[in-house]
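# A structural walkthrough
Residues per chain, in single letters:
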Amino acid sequence: MIDKLLLPFKLLSDGPEGEQAIKPYDLWDEQGQIAVPSIVAVGADGRIRYCYKGQDFADRPGDEELLEALSGARIGG
């Protein structure tokens, strides 16, 4: 996906049960047994710099909101 979209950052993928990254960050929909649509930016130091938890697959933050939240933060890649 990173190569296809020419992304300048890494993507984190979790296992099918979401045990490593999805559930620990409360991004799991227990009723639907799927991950909640979300965007999480993690700094090079491992700290979360930004977390957006959507209500459904179309619920995403605007570019300006995300860029403002990340401005000045050194995101790991």
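Residues numbered from 1 in each chain as written. Predicted model: local features only at pLDDT ≥ 70, side-chain atom pairs only at ≥ 80, totals over all residues. Heavy atoms only, no water.

## Topic: the packing of aromatic side chains
Summed over all chains, the structure comprises 0 aromatic pairs. Here the basic side chain of K23 rests over the ring of W28, its NZ or CZ set 4.9 Å away from the ring centre. (Phe/Tyr/Trp six-rings, centres within 6.5 Å; stacked < 30°, edge-to-face > 60°. Lys NZ or Arg CZ within 6 Å of the ring centre and 35° of its normal.)

## With respect to the pattern of salt bridges
Considering all chains together, one arrives at 4 salt bridges under this definition. Of the charged contacts, one joins D45 and R49 as a salt bridge, the two residues approaching to 2.9 Å between their closest N and O atoms. Taken together, the shared-partner salt bridges connect D45, R47 and R49 into one network. (Salt bridge = Lys/Arg side-chain N within 4 Å of Asp/Glu carboxyl O.)

## Some points on the pairing of strand β4 (residues 48-53)
Pairing analysis gives 5 bridges linking strand β3 (residues 38-42) to β4, with the strands arranged antiparallel. Within β4, the residue paired with A41 across the bridge is Y50. Hairpin remark: β3 followed by β4, antiparallel, with 5 residues in the connecting loop; positive phi at G46, about 90°. (Pairing = 2+ DSSP bridges. Helix = DSSP H or I, 4+ residues; strand = E, 2+ residues; numbered from the N terminus.)

## Details of a negative patch on the surface
A cluster of acidic residues, D63, E64, E65 and E68, forms a negative patch at the surface. The topology assignment puts E64 in helix α2 (residues 63-70). Accessibility expressed as a relative area gives 69% for E64, which makes it exposed. (Patch = residues over 30% accessible without salt bridge, like charges linked within 9 Å, V, L, I, M, F, W, Y side chains within 5 Å. Areas by Shrake-Rupley, 256 points an atom, 1.4 Å probe, with all protein chains shown as cover. Lys, Arg positive; Asp, Glu negative; His and termini not counted. Charge placed at Lys NZ, Arg CZ, Asp CG, Glu CD. Buried < 20%, exposed > 50% of the residue type's maximum accessible area, 1.4 Å probe, protein only.)

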